[in-house]
Structure formats: C-alpha cells, structure tokens
2 protein chains.
Amino acid sequence: MADTIEKSPLAPACFPDLPEIAGAEFASISAGVKYQDRKDVTLMRLAPGTTMAGVFTRSSTRSAPVLDCQEKIALDSDVGAAIIVNSGNANAFTGKNGVDATKAVTETVAASLGLPATRIFSSSTGVIGEPLPHERITAKVDDLRDMLSTSAMHDAADGIRTTDTFAKGAGVEIQIDGKPVRISGIAKGSGMVAPDMATMLVYIFTDAKIARPLLQTILSELTDLTFNNITVDSDTSTSDTLLLAATGASGVSINTKTGPFRDALQEVMLDLAHQVVRDGEGATKFVEVCVTGAASDADARTHAMSIANSPLVKTAVAGEDPNWGRVVMAIGKSGAAADRDLLTIRFGDVLVAENGWVSPNYQEDDGANYMKSAELAINVDLGLADGCATVWTCDLTHGYITINADYRS
Amino acid sequence: MADTIEKSPLAPACFPDLPEIAGAEFASISAGVKYQDRKDVTLMRLAPGTTMAGVFTRSSTRSAPVLDCQEKIALDSDVGAAIIVNSGNANAFTGKNGVDATKAVTETVAASLGLPATRIFSSSTGVIGEPLPHERITAKVDDLRDMLSTSAMHDAADGIRTTDTFAKGAGVEIQIDGKPVRISGIAKGSGMVAPDMATMLVYIFTDAKIARPLLQTILSELTDLTFNNITVDSDTSTSDTLLLAATGASGVSINTKTGPFRDALQEVMLDLAHQVVRDGEGATKFVEVCVTGAASDADARTHAMSIANSPLVKTAVAGEDPNWGRVVMAIGKSGAAADRDLLTIRFGDVLVAENGWVSPNYQEDDGANYMKSAELAINVDLGLADGCATVWTCDLTHGYITINADYRS
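Residues numbered from 1 in each chain as written. Chains lettered and ligands numbered in written order. Predicted model: local features only at pLDDT ≥ 70, side-chain atom pairs only at ≥ 80, totals over all residues. Heavy atoms only, no water.

**A look at the overall build of chain A**
Secondary structure summary: chain A contains 12 helices and 16 strands in total. Over its C-alpha trace chain A gives a radius of gyration of 22 Å, about what one expects of a compact globule, namely 22 Å for 409 residues. Once the C-alpha set of chain A is aligned to its principal axes, its extents read approximately 70 × 55 × 35 Å. When each of the 409 residues of chain A is scored for burial, the buried share is 62%. Within chain A, contacts between residues at least 6 apart in sequence are counted, and of these 81% link residues at least 24 apart. On chain A, roughly 14,100 Å² of surface is accessible, and the fraction owed to carbon and sulfur atoms is 49%. Taking the average location of the 33 positive side-chain charges in chain A and that of its 52 negative ones, the two points are 5 Å from each other. (Helix = DSSP H or I, 4+ residues; strand = E, 2+ residues; numbered from the N terminus. Rg over C-alpha atoms; globule rule 2.2 N^0.38 Å. Buried < 20%, exposed > 50% of the residue type's maximum accessible area, 1.4 Å probe, protein only. Contact = heavy atoms within 4.5 Å. Areas by Shrake-Rupley, 256 points an atom, 1.4 Å probe, with all protein chains shown as cover. Lys, Arg positive; Asp, Glu negative; His and termini not counted. Charge placed at Lys NZ, Arg CZ, Asp CG, Glu CD.)

Right, here's the structure in full:
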C-alpha cells in the first residue's frame, strides 16, 4: 500500500546519514504480517550495559505491547536488551489473545538472543482488533538475529513504516569533554491509507553512558517539549511508544540533567517530531504555533493546542486564507486565560491583529501572500504575563478525508 | 450566497407550523448589511410582563453584542423587551468600535419602541473583525416596528440565517391545568460558505407565566442536556446566544422546575439542537453517541464528546466504515475512566465489540450495512457504573473541507 502513495510535499530531501551507535544493531525482514513483499518486522539489539528509558501513550485503551513495555521499562539490568517491532497489525483491543501474542513474540526473541524476556521490548502498529499472526513473526527471529548490523538503521526506519510516505531519521554527533558522543533515532507516524491508527513509534540510540533513572528523567522532560507538542488531528493512538537506549560504548558518562547531551537529544527528538508532522495525513503545510505572554506555560500550551487542533484554523491554512478571526475563535474557546483586547496576532512577521481588532496597517494582500508558503508560523501574544509554548501541526485538507473516509479498512 | 447552497440531505421535509405566542411579534427586512436583497435584520418584540433568560458562549473572545446581552439578562423588568438580530457581520473582535455599534443599534430600537435600552437584546452573526455598518441597521428599525406580527416567526427564522441550508423552527402546545401553553423557537447555525464562524443563535418564546430566576434555572439546566451536547467540528463561536422569553399571555403560571413545561421546553430545545447538527457543514450523516455505564455522568459526556469530535471517527462515518477501533481509540484518549476489557460497543443494535475484543458473533457485513443509513447510533457501555450521556454530531466529509478551505473569506 505504502508504495502507491506519493511522498509528502513536506518531506526532507533525503534520509540523513545517521551516526552509527556502537552497541546498537538493526535488521529488517519481510514476514507477511499483513502484506506480502514489504519489510514489516524489525529487530534491534542493544549490547550489555545498555540502559533504557521510555514514554508511552496515556490512552486508557492501550495495546498489549505497550502494557508489556510499561511493565519492563523501569527494571535495571546490565545484560543488554532488544526491541522487536512489527507493522501491519497493532495487536490492540485483542483481549487475552493479544497478551499471549506479545508473550510469544518476546519470549522467542529472548530465547534466540540469549536474553531474559524482561529485556525484550515490543511494538505493533497497523490495524486494530485483529489477532496478531505472531507465528509469522517468530518464524523470522533467527533470520533477523543473523542479519543484525550497526549500519542497518535506515533499513529499520523503513521496516517500521506502515503507510508513512517517507522513512524518518535524525542524528547528531557532539563532543563532550573532548570525546565524541552520538545520538541517532528513527520514527514512524501519521501516514495511513488503510484507515487504522496513526500510531507513532520512535526509537533513539546513543553511545553515551548514563544511568537509567537519569535517562528516564531527561527523556520524559524532553518529550513534553517535543513529541507531546505535535498534533496532526487531535486523535491519540493506542500504541504510541518512544524508547531510548544508551549503550555507553563512547565511554562518556552523563551525570547531569542539563548540558550538551540533553541539548543534542532535544535536537534529535524535535527533528523526528517535525518529520512526523510533515508526514501528517494529507498535509500540504507545516505550521508552527507560538504563543507568548500567557498567564503560565501550561496556559500557553492550551491556547497553542486549541489553535493547532481547530478544524476551522486548519482548513483556513489549507485554503491559504489568512483568517485570523478563526485564531481569535480558537483562543476564545480554549478555556485558558485570555483578554480579547490585549491579543496580538502575527502570521510570520505580518502583524494582523492587535488591541482587540485588526491592525490599522494590515493589508490583506500581505497576509494572503504569506499564507502561500509551505512553512507557516502563527504567532500569538496574549499580553498577560510570561507563559509561552510552541507546538507544531499541519493543515486539514481533502487528502485527510480521502485517506480516512474514502477507503474501507 | 445561501441561495446557491443545496439543502442538507438531513433537513426536515418542511418548516413546521409553529404555535403563535401571544405577546411575541416578529419582522424581518433586507438592510444590505453584507449582501443585497436578502433579509438580514430581524426584530422581535416582547409584550410588557415578559420575563427573559439567556445562555451565551463561554468564549473568552466573545462579541460585543454577547457582552451587552450578558450585562442585561439578569435585570428584572415588567416593561417588555425586544431582540434585534443581524446576519452578515458578527461585530466580533471589533474593539471599542464594536461596543459603540451595539450601543447605536440597541438605543435606536429602544427609542423606536419606547423601551429602555437595558431591555433591548442584540445578536450579530457573520464575518468577524469587520466594523458593523450599524447605520444600515438603524435606518430600518422604524420599518421593522411597523411590520411586527405574531404570525411572522417563519420570516424571523429565515432572517437570522447566514448560510444555513434551511430555516430551523420547533414548537409544541401542551395543556397545563386544563389550559393551553405554547412554546415556539427558531435557530440558526452551522451552515457557512464564506468561512466565518459557525455561530449558533436560538430564540425561544412561550406564553407561560414564569418568574425570571426560575426561567433562567430551567433554561440553564436544559442547555446542558441539549445545545451543549451537540458538536459539528468542536469549534466554539464567539457569538453563540440562546434567549428565552416568557410573555405570560396564557395566564398559566409555572412555579416548579420540573413538570410538563420543562419537558415540553426540552423537547423544543432538543429538536432545534438536532436541526443545527443536521445542517452541519458538509454533513451527510446524523449521529447519536450514547455512552452508558460510566463512572459518572460527567465522565460519560467526556467519552461521548471525545467520540463525537474525533476526526477519525467522523471520517469513518462519512466513509460508511464500521470502524469500531476508532471508537476504542477515542474512548482511550478522552482522559475519563475506562477499562478496555469491560467495553461494549454497538452500532445501532449491532453488537460489535465486547470483553475487550471484537464480538465472536460480529459479521463485518452487518456493521457495513448498518453504516449506510443516514441516521446512526454509536452506543458504548463502559461497564463501570451508572453514568450516562447522549450527544449528537454529524460526519466529517469533503463538503466540510470544501466549505472551509476552498473558498476565501
């Protein structure tokens, strides 16, 4: 299915050259989980000494693999770990059968790699409510093990796609105390044709040496600044999973929450988050919504998300309509504090509204010209205090309806 | 513009015969507020002794007329009242100019009818951010006054339309203590081509005799069971206004919160609320979402609204896809309590999912056949406690995108 979709017009020019992470190996294979002849099962092995951290969907109907990961993620262990991912079937809302399927997959990987099952993390993405054909996956585990390579991260990025229109990766190499430290990550999300869940899966790897609790703290804090601030259509998957593995192979120890490692990790996470938005279903515009002057950071985020999720704002963006009235509407409905007469609204640098009305110098042509770009910024200052937040979204187009309404699952 | 739109496929066969309300008179006229040659200003006069109640948008960016109504609605007075409504311009986000325009309109009506300005309520609906050409409205007030008639409520329903595809009215006549009491109402909402706000305006009239505080209590409680439980696209207008006027002309006094008057009023309000959904932008399906078994009524409403506002659920309905996985997803993301393995989901009477998985007897053909109807019910039982709620919505179609993205304002 994915092969028939045109690449998003917002896709990066090419997949980046990701720094290899010593201690992290990858392999992808075609197992026929749902479709034939496409890579749909991916194995990632982490060397002994690797610490793991993760964040997961807060959905109350989360999938069996997510629940299994959550049980395992806080355990400390030095023996190494593995991650196995299948596309084509989400193993969500599958009752006890789903639990058994996850157990079968993770125990097979454990036996094949000589690891305890508590160190095997799994994700499933695709159609929900159908039994996972786990024997198709377990049949390929030994083959996958024999293919593992540190240079196959691009393959892994391809293997976790469902109907994403492009493979998503981001990486950096930084120097800490004069030694190189690398961070590389892959993600999938938001492209679907068979209308399932827009599941987001993200796997990030680093050769930094960092204790599990600190790794988890940094990951959780950065998630609130990156992946939790993107929205395509306000719908939350039952399967969202973000795993971060630190192999320690660089020999560089990270002992503080702040500093160059955190900054570099944030850069990689933000890059991947933006790529998910750029592959939003039917997206033709990438939109940054920046709210300043709010009563608090939380209020700013509430306003920004209200704007970013408003169907009327998103359709106006699709229509290249500088319809600031809809931005005013979205602020008004958000429930967070706002004073109509203190609002300032800019599209990019174009001052549109201020002092509770359209700016006296605003020319509709300036707004209309600005809206023609593929990358847009909606900037709102509330004039109340210092709270701020930035979120990212895409437009709402006929493409979204076509993808989600015109095809039957 | 409205004349070029096809009537919604979900529209009632015809405008109902509304019972006339003694003490409530109506007139509509063409004033050229935005377009020429369509009725766009409507005057309603209420006889001395009428009590008034109202509910208004909770938007923090509400319009000048809404703020003016809110200042006046809690005043007690026996001298009568009037409501003046214009379409074509919302007088929202218009700064001090908007306040002055509302003052000019209400004071002109007050002078013409010999009433204090504190008894003149006004609404404006249409494009936002443009100055209201109030002199076009005030120029017609004396003409409107001379046309007032108790039999012109259908004219009023037409006059408050912007791009609604049909005029909306509902009314009942009941017997209380052997005497007739009448309730009639009109509404506008949700049809737009020039992409402005989907403002909802509702005016209801009764000849019951009822004190203002009791009238307000009943209206507020019923609003939470009717208009607050409908959603077209989750976006909230800056101008939503619902006014209820009781002329007392029937001589029948209502002194209790419960009873036949409340029941009849609820029926009229629900009928009008459903008509607004049936005129939802691009709607081809009318959907009732009923949630039972929740931890509380509030939790049930949270789940129901999460389902009713989910773009993925609404596009599945548009595509006639019995995609219960998306219903599970919407429950999961709502934030209210749910246990995945206790959920029961029915499309109409078709049992789709139970015990955390698809029902063993479910046939996809049964679901697919059911989804072909224009009127659908999504029934969810959470299996937790006794909380329940029902909300109403429509599907999300290419029509919605066309209306809101393909035309420039």
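Now that the structure has been shown, the text picks up again.
**Side note on the domain arrangement of chain A**
Residues and elements named next belong to chain A. Partitioning chain A into domains gives domain 1 (2-278) and domain 2 (286-406). A C-alpha centroid distance of 32 Å is found between domain 1 and domain 2. The interface is formed by 17 residues belonging to domain 1 together with 16 residues belonging to domain 2. The junction of domain 1 with domain 2 conceals about 1,400 Å² of combined surface from both sides, 56% of it contributed by carbon and sulfur atoms. Along the contact surface separating domain 1 from domain 2 lie one salt bridge. Broken down by secondary-structure element, the contributors of at least two residues to the side of domain 1 that touches domain 2 are strand 9 (230-231) and helix 7 (260-278). Of the residues assigned to the side of domain 1 that touches domain 2, the class counts are nine nonpolar, six polar and two charged. (Domains from an automatic or database assignment. Buried area = accessible area lost by both parts, 1.4 Å probe. Salt bridge = Lys/Arg side-chain N within 4 Å of Asp/Glu carboxyl O. Nonpolar A, V, L, I, M, F, W, Y, C, P; charged D, E, K, R; others polar.)

**Quick notes on the sheet that holds strand 12 (residues 344-347) of chain B**
Residue and element names in this part refer to chain B. Strand order in the open sheet formed by seven strands is 9-16-11-15-12-13-14, with mixed pairing between adjacent strands. Taken across any chain shown, the strands that pair with only one partner, and hence form the sheet edges, are strand 9 (230-231) and strand 14 (357-358). Two elements, strand 12 and strand 15 (residues 375-381), share four bridges in a ladder whose sense is antiparallel. Bridge pairing in strand 15 places Arg-346 opposite Asn-379. The sheet contacts of helix 8 (residues 297-309) involve strand 9, strand 11 (286-294), strand 15 and strand 16 (387-394), and relative to strand 16 the element is tilted by about 20 degrees. (Pairing = 2+ DSSP bridges. Axes fitted to C-alpha atoms, helices over the stretch in contact; angles between N-to-C directions.)

**Remarks on the interface of chain B and chain A**
Chain B puts 67 residues into the contact, and the matching count from chain A is 67 residues. Buried area between chain B and chain A, both sides added, is near 5,100 Å², and the carbon and sulfur share of it is 59%. Ranking the residues of chain B by area buried against chain A places Phe-93, Arg-340 and Trp-357 of chain B at the top, with a combined share of 17%. Summed over the shared surface of chain B and chain A, the result is zero salt bridges. Here chain B is connected to chain A by 15 residue pairs in polar contact (both at pLDDT 80 or more). Looking at the side of chain B that touches chain A, the elements that each hand over two or more residues are helix 1 (64-72), helix 2 (95-113), helix 9 (311-318), helix 10 (324-333), strand 14, helix 11 (364-370) and helix 12 (398-406) of chain B. When residues in the side of chain B that touches chain A are grouped by element, the largest group, eight residues, is from helix 10 of chain B. Taken together, the residues of the side of chain B that touches chain A sort by class into 29 nonpolar, 23 polar and 15 charged. (Polar contact = N/O pair within 3.5 Å; in protein donor to acceptor, adjacent residues only side chain to side chain.)

**A word on unusual backbone geometry**
Residues and elements named next belong to chain B. In this model, Asp-177 sits at a positive phi of 50 degrees, which is unusual for a non-glycine residue. Mapping Asp-177 onto the fold places it in the loop between strand 6 (168-176) and strand 7 (179-188). Its identity is not glycine, yet Asn-355 carries a phi of approximately 55 degrees, on the positive side. Topologically, Asn-355 is positioned in the loop between strand 13 (350-354) and strand 14. According to the relative accessible area criterion, Asn-355 is exposed, its value standing at 58%.

**So, the nonpolar core**
In this structure, Ile-307 and Val-380 of chain A together with Ile-307 and Val-380 of chain B are the most contacted members of the largest nonpolar core, which totals 86 residues. Apart from residues lying up to four places away in sequence, Ile-307 of chain B is in contact with Val-289, Val-291, Val-313, Val-327, Ala-330, Ile-331, Ile-378 and Val-380 of chain B. (Core = buried A, V, L, I, M, F, W, Y, C linked by side-chain atoms within 4.5 Å.)

**Some points on the relation of the copies chain B and chain A**
In the superposition of chain B on chain A (RMSD 0.0 Å, axial shift 0.0 Å), the rotation amounts to 180 degrees. Here the transformation between the copies is reduced to the relation of a two-fold axis. Minimal C-alpha separation from the rotation axis in chain B is found for His-398 of chain B, amounting to 2.9 Å. A share of 100% of the interface residues of chain B reappears at the interface of chain A, consistent with the copies meeting face to face through the same patch. (Least-squares fit on C-alpha atoms with pLDDT ≥ 70 in both.)

**Structural notes on the sheet that holds strand 6 of chain B**
In a beta sheet, neighbouring strands are held together by backbone hydrogen bonds and run either parallel or antiparallel to one another. All names here are of chain B. Read from one edge to the other, the open sheet built from five strands follows the order 3-10-8-7-6, with strand pairing classed as mixed. Strands at the two margins of the open sheet, each flanked by one partner only, are strand 3 (51-56) and strand 6. Put simply, the sheet's adjacent strands are angled 10 degrees from each other on average, direction ignored. Judged from the six bridges that link them, strand 3 and strand 10 (residues 241-246) form a sheet pairing that is antiparallel. In the sheet register, Val-55 faces strand 10, and the bridge partner there is Leu-242. Where helix 6 (residues 212-225) meets the sheet, its contacts fall on strand 3 and strand 10, and the angle it forms with strand 3 comes to roughly 30 degrees. Here helix 7 (residues 260-278) sits on the sheet and contacts strand 6, strand 7, strand 8 (201-206) and strand 10; the angle it forms with strand 6, its principal contact strand, is near 165 degrees.

**As for the pairing of strand 15 of chain B**
Of the pairings in the sheet, the one linking strand 11 of chain B to strand 15 of chain B comprises seven bridges and is parallel in character. Bridging across to strand 15 of chain B, Glu-288 of chain B finds its partner in Ala-377 of chain B.

**What to know about the packing of aromatic side chains**
Inspection of every chain in the model, using the stated rule, returns four aromatic pairs over all chains. Note on Phe-93 of chain A and Trp-324 of chain B: the rings are 5.6 Å apart at their centroids and 55 degrees apart in plane angle, and the pair reads as tilted. Here Trp-324 of chain B lies in helix 10 and Phe-93 of chain A lies in the loop between strand 4 (81-89) and helix 2 (95-113), a pairing that spans two chains. Taking the relative accessible area as the measure of exposure, Trp-324 of chain B reaches 7% and is therefore buried. Between the aromatic rings of Phe-26 of chain B and Phe-205 of chain B, the centroid separation amounts to 4.9 Å while the plane-to-plane angle is 85 degrees, which identifies the pairing as edge-to-face. With Phe-26 of chain B in strand 1 (residues 24-29) and Phe-205 of chain B in strand 8, this residue pair connects regions lying 179 residues apart in the sequence. (Phe/Tyr/Trp six-rings, centres within 6.5 Å; stacked < 30°, edge-to-face > 60°.)

**Some points on the environment of Ala-104 of chain A**
All names here are of chain A. As for its position among the elements, Ala-104 is in helix 2. For the pair Ala-104 and His-134, spaced 30 residues apart in the sequence, the C-alpha separation amounts to 7.1 Å. Not counting the four nearest positions on each side in its chain, Ala-104 is found in contact with His-134 and Thr-138.

**Quick word on the side chain of Lys-72 of chain A**
All names here are of chain A. The topology assignment puts Lys-72 in helix 1 (residues 64-72). Lys-72 gets classed as buried once you look at its relative accessible area, which sits at 8%. For Lys-72, the side chain forms a polar contact with the side chain of Asp-68, separated by 2.8 Å.

**Description of the packing of helix 6 (residues 212-225) of chain A against helix 7 of chain A**
All names here are of chain A. Interaxial distance between helix 6 and helix 7 falls to 10 Å at its minimum, and their mutual angle equals 45 degrees. Between helix 6 and helix 7, the crossing angle belongs to the class labelled oblique. Relative to helix 7, the crossing made by helix 6 is right-handed. Of helix 7, the residues touching helix 6 (which contributes Ile-218, Leu-219, Glu-221, Leu-222, Thr-223 and Leu-225) are Phe-261, Arg-262, Leu-265, Gln-266, Met-269 and Leu-270. Class assignment of the residues belonging to the contact of helix 6 with helix 7 gives a composition of eight nonpolar, two polar and two charged. (Parallel < 35°, antiparallel > 145°, perpendicular 65-115°, else oblique. Left-handed = near helix turned anticlockwise from the far one by under 90°.)

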